[in-house]
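Residue strings, one per chain:
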Amino acid sequence: MREGDLHYDVAVIGAGPAGTAAALRAAELGASVVVLEAGRLGGTCVNTGCVPTRVLAKTARLIRDVHHASVYGIPADVSAIDWFATVARVEERVEKVRSLKSEEVRFAEAGIDLIHEGRARFVTESALVLDSGRIITADRIIICVGGHSRRLPIPGAALATVPEDVLTLPALPRRVAIIGAGNTGAQLATVFSAFGSAVTLLDLAPRVLMASDKSISAVVAEAFVAQGITVRTGIDAVRSLARASTGAITLTWSAEGSAVDDEFDVVIMATGWPADVDDLGLEKVGIEVTRSSIPVDQYFHTVVPHIFAVGDANGRDMLVQAAQFEGEAAAENAVLGANRRTPHQLLPAGGFTDPDYAGVGLTEEEARERDASCVVVRIPYSSLDRAVIDDRELGFLKLVADRRRELILGAHAVGENAVEVIQSLTTAMAAGVDVSTLANVRFAYPTYSAIIGIAARALLVGAN
Ligand SMILES: Cc1cc2nc3c(=O)[nH]c(=O)nc-3n(C[C@H](O)[C@H](O)[C@H](O)COP(=O)(O)OP(=O)(O)OC[C@H]3O[C@@H](n4cnc5c(N)ncnc54)[C@H](O)[C@@H]3O)c2cc1C
Ligand SMILES: NC(=O)c1ccc[n+]([C@@H]2O[C@H](COP(=O)([O-])OP(=O)(O)OC[C@H]3O[C@@H](n4cnc5c(N)ncnc54)[C@H](O)[C@@H]3O)[C@@H](O)[C@H]2O)c1
């Protein structure tokens, strides 16, 4: 080894939620650990993903509430938002969360070396080179490089804005097209619509939020349309972007065999999230990228057994809660030779649209494919006192149970506080609580979580 080159038990590439969790767990288990981070600590989640998006969602909610305030006798008006003040607020909150997480301090306290010398690349199966030229060798390597937005390979794609760059827009767009109605696109549609932009949401998929239970997609799409968002799902293709003589962007797509074009001030591409592997040197170690991510087995091994890939990099459950779990599990598998794997059925996910949506476990479709006799109940928010009190009657909670009405197989909610409602159900599922026990739980009055008790009791009496 050259002077300055270093050797560790475990090298972690990337300090987002996956890398941070992996490094801390490996160090707890007694390994010598290095973290190699090319950018800002915290990764996508804190810097450009969940945290800024959530602040934007809060801003959108404030606007909606102000619009509704006169019903409560509060004369209020939102004429226009101050885009720069909004961006400044987002940045300020992001900084606050970053300082709360204080990865640097936690790494130092755990005896983990953090090296910020640019991007890491494989040179052999056990050696990485940094932009600085320093070589790091390790017995085990955990790839936690996350991903980035996918720009569609179409003419004029460079004119599009990607979600990570939304806060750099010079002004609030009057007309915005969002390509991709997954979690990212749907949340941005809600935000820009609340901010007063005219929003068009486009997707090849037949419905918004394809990963959610179908009934959730239907409610969210209907709400979008009611809010004035133009929803175009099931289109044939997005063809091109071009600069119009007006300075606007002409977006061309095709639907039902015909070409359609329209002008927008901003076009956002929220069309997927490939792993950040372009310059990782995977070809040097024989790892082939499949469907834009690093293939792993259920214990997060790549084809090279001592190299693991977790978080967004393996393309499985692209969520913070998954990244953290996988990071810890891979560290245990790497250091102890353990066989931990992800409990997919217990990973809740959701988003902050209007109304919010969330789910955990099997969708109704997935459960019926396994057993057509599974039992499903759907309780509308309009039957819940708290939702009526708050004037938030849109939405429902759906519970899916096995045919004996014992186990909850899946839970899906759309409506106020849907994510928190689903979190409570996830806790119950993780604890192995059966339906009859859940039906006997007392819920404080008046709460949104009370809908869980109503749904569990309905399951027992056999609605289907
Ligand atoms: C707009 C948006 C909103 C989101 N909202 C939510 C949400 O509300 N809830 C939720 O659960 N999930 C959300 N997500 C998803 C969530 O952000 C990711 O699942 C999570 O950040 C993945 O963590 P990770 O550690 O795998 O990757 P990342 O957080 O992307 O971290 C990867 C790190 O690796 C570093 N890196 C990359 N390559 C190299 C290299 N070669 N050398 C050194 N360092 C490198 C990067 O700089 C980065 O810091 C959102 C995503 C987006 C885009
Ligand atoms: N609240 C959250 O938990 C949250 C928020 C944002 C992102 N995320 C995660 O981050 C990851 C990336 O999310 P995302 O929404 O950016 O990507 P995604 O892959 O989930 O959705 C991309 C959407 O773009 C559509 N699409 C792809 N190519 C297209 C084309 N040529 N024309 C039109 N539409 C096209 C797809 O059909 C899909 O609906 C996901 O795994 C997501 O779960 C989570």
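Residues numbered from 1 in each chain as written. Chains lettered and ligands numbered in written order. Predicted model: local features only at pLDDT ≥ 70, side-chain atom pairs only at ≥ 80, totals over all residues.

## Some words on the site of ligand 1
Turning to step 1, where the next piece is worked out: Taken together, 34 residues form the shell around ligand 1, and within it Gly 14, Gly 16, Gly 43, Gly 146 and Gly 311 come nearest.
Turning to step 2, where the next piece is worked out: Counting only elements with at least two residues in the shell around ligand 1, the list comes to α1 (17-28), α2 (43-47), α3 (50-68) and α8 (320-336). (Near = placed C-beta within 6 Å. Helix = DSSP H or I, 4+ residues; strand = E, 2+ residues; numbered from the N terminus.)

## Regarding the site of ligand 2
Turning to step 1, where the next piece is worked out: Near ligand 2, the surroundings consist of 22 residues, among which Gly 180, Gly 182, Asn 183, Thr 184 and Met 318 are the closest.
Turning to step 2, where the next piece is worked out: Contributions of two or more residues to the shell around ligand 2 are made by α6 (183-195), β8 (198-203) and β15 (349-351).
Turning to step 3, where the next piece is worked out: At three residues, the largest contribution of residues to the shell around ligand 2 is made by α6.
Turning to step 4, where the next piece is worked out: Along the lines of polarity and charge, the residues of the shell around ligand 2 split into 13 nonpolar, eight polar and one charged. (Nonpolar A, V, L, I, M, F, W, Y, C, P; charged D, E, K, R; others polar.)

## Focus: the domain arrangement of the protein chain
Turning to step 1, where the next piece is worked out: Partitioning the protein chain into domains gives domain 1 (6-49 + 88-148 + 274-336), domain 2 (157-269) and domain 3 (355-463).
Turning to step 2, where the next piece is worked out: Placing a centre on the C-alpha atoms of domain 2 and another on those of domain 3 gives a separation of 31 Å.
Turning to step 3, where the next piece is worked out: Between domain 2 and domain 3, the residue contacts involve nine residues of the former and 11 residues of the latter.
Turning to step 4, where the next piece is worked out: When grouped by side-chain class, the residues that make up the side of domain 2 that touches domain 3 number five nonpolar, two polar and two charged. (Domains from an automatic or database assignment. Contact = placed C-beta atoms within 7 Å.)

## With respect to the sheet that holds strand β12 (residues 258-264)
Turning to step 1, where the next piece is worked out: The strand order β10-β11-β12 describes an open sheet built from three strands, whose pairing is antiparallel. Single-partner strands in this sheet number two, and they are β10 (237-243) and β12. Within this sheet the neighbouring strands show an average axis-to-axis angle of 20°, counted without direction.
Turning to step 2, where the next piece is worked out: Where β10 and strand β11 (residues 249-255) come together, six bridges link them in antiparallel fashion. Along β11, the bridge assignment pairs Ser 240 with Thr 252. (Pairing = 2+ DSSP bridges. Axes fitted to C-alpha atoms, helices over the stretch in contact; angles between N-to-C directions.)

## Some thoughts on the packing of α3 against helix α4 (residues 83-101)
Turning to step 1, where the next piece is worked out: At a closest axis distance of 9 Å, the pairing of α3 and α4 adopts a crossing angle of 135°. Of the possible angle classes, the one that applies to α3 and α4 is oblique. Read as a crossing pair, α3 and α4 show a hand that is right-handed. Between α3, through Val 51, Pro 52, Val 55, Leu 56 and Thr 59, and α4, the contact on the second element is made entirely by Thr 86, Arg 89, Val 90, Arg 93, Val 94 and Val 97.
Turning to step 2, where the next piece is worked out: Of the residues in the contact of α3 with α4, the class split is seven nonpolar, two polar and two charged. (Parallel < 35°, antiparallel > 145°, perpendicular 65-115°, else oblique. Left-handed = near helix turned anticlockwise from the far one by under 90°.)

## Some remarks on the UniProt feature "binding site: NAD(+)" (unreviewed entry) in the protein chain
Turning to step 1, where the next piece is worked out: According to UniProt, the feature "binding site: NAD(+)" (unreviewed entry) maps to Gly 272 in the numbering used here.
Turning to step 2, where the next piece is worked out: Looking at the element boundaries, Gly 272 is found in the loop between β13 (266-269) and β14 (307-309).
Turning to step 3, where the next piece is worked out: Look at Gly 272 and you get partly exposed, because 18 C-beta atoms sit within 10 Å. (UniProt positions renumbered as here; feature names shortened; annotations may be inferred. Buried ≥ 20, exposed ≤ 12 C-beta atoms within 10 Å, placed from the backbone.)

## A short note on the pairing of β13
Each regular strand carries side chains that alternate between the two faces of the sheet.
Turning to step 1, where the next piece is worked out: Side chains Val 266 and Ile 268 project from β13 onto one buried face, and the interleaved Val 267 and Met 269 project onto a second face that is buried too.
Turning to step 2, where the next piece is worked out: Two elements, strand β7 (residues 175-179) and β13, share four bridges in a ladder whose sense is parallel. Counted as the bridge partner of Val 176 is Val 266 from β13.

## A few points about the environment of Glu 164
Turning to step 1, where the next piece is worked out: For Glu 164, the position within the fold is in the loop between β6 (135-143) and β7.
Turning to step 2, where the next piece is worked out: On the basis of neighbour count, Glu 164 is assigned to the partly exposed category, with 15 C-beta atoms found within 10 Å.
Turning to step 3, where the next piece is worked out: Separated by 116 residues in sequence, Glu 164 and Thr 48 have C-alpha atoms that sit 5.2 Å apart.
Turning to step 4, where the next piece is worked out: Excluding residues that lie within four positions of it along the chain, Glu 164 makes contacts with Thr 48 and Ser 149.

## Observations regarding unusual backbone geometry
Turning to step 1, where the next piece is worked out: Geometrically, the link from Asp 354 to Pro 355 is a cis peptide bond, its omega value of 5° lying close to zero.
Turning to step 2, where the next piece is worked out: Within the secondary structure, Pro 355 sits in the loop between β15 and β16 (357-361).
Turning to step 3, where the next piece is worked out: Here Tyr 445 and Pro 446 are connected by a cis peptide whose omega angle stands at -10°.
Turning to step 4, where the next piece is worked out: Residue Glu 256 is not a glycine yet carries a positive backbone phi of 50°.
Turning to step 5, where the next piece is worked out: With respect to the element layout, Glu 256 can be found in the loop between β11 and β12.

## Here's the deal with the UniProt feature "binding site: FAD" (unreviewed entry) in the protein chain
Turning to step 1, where the next piece is worked out: Following the UniProt record, one finds the feature "binding site: FAD" (unreviewed entry) at Asp 312.
Turning to step 2, where the next piece is worked out: Contact partners of Asp 312, with chain neighbours within four places excluded, come to Gly 146, Gly 147, Trp 273, Ala 275, Met 318 and Ala 323.

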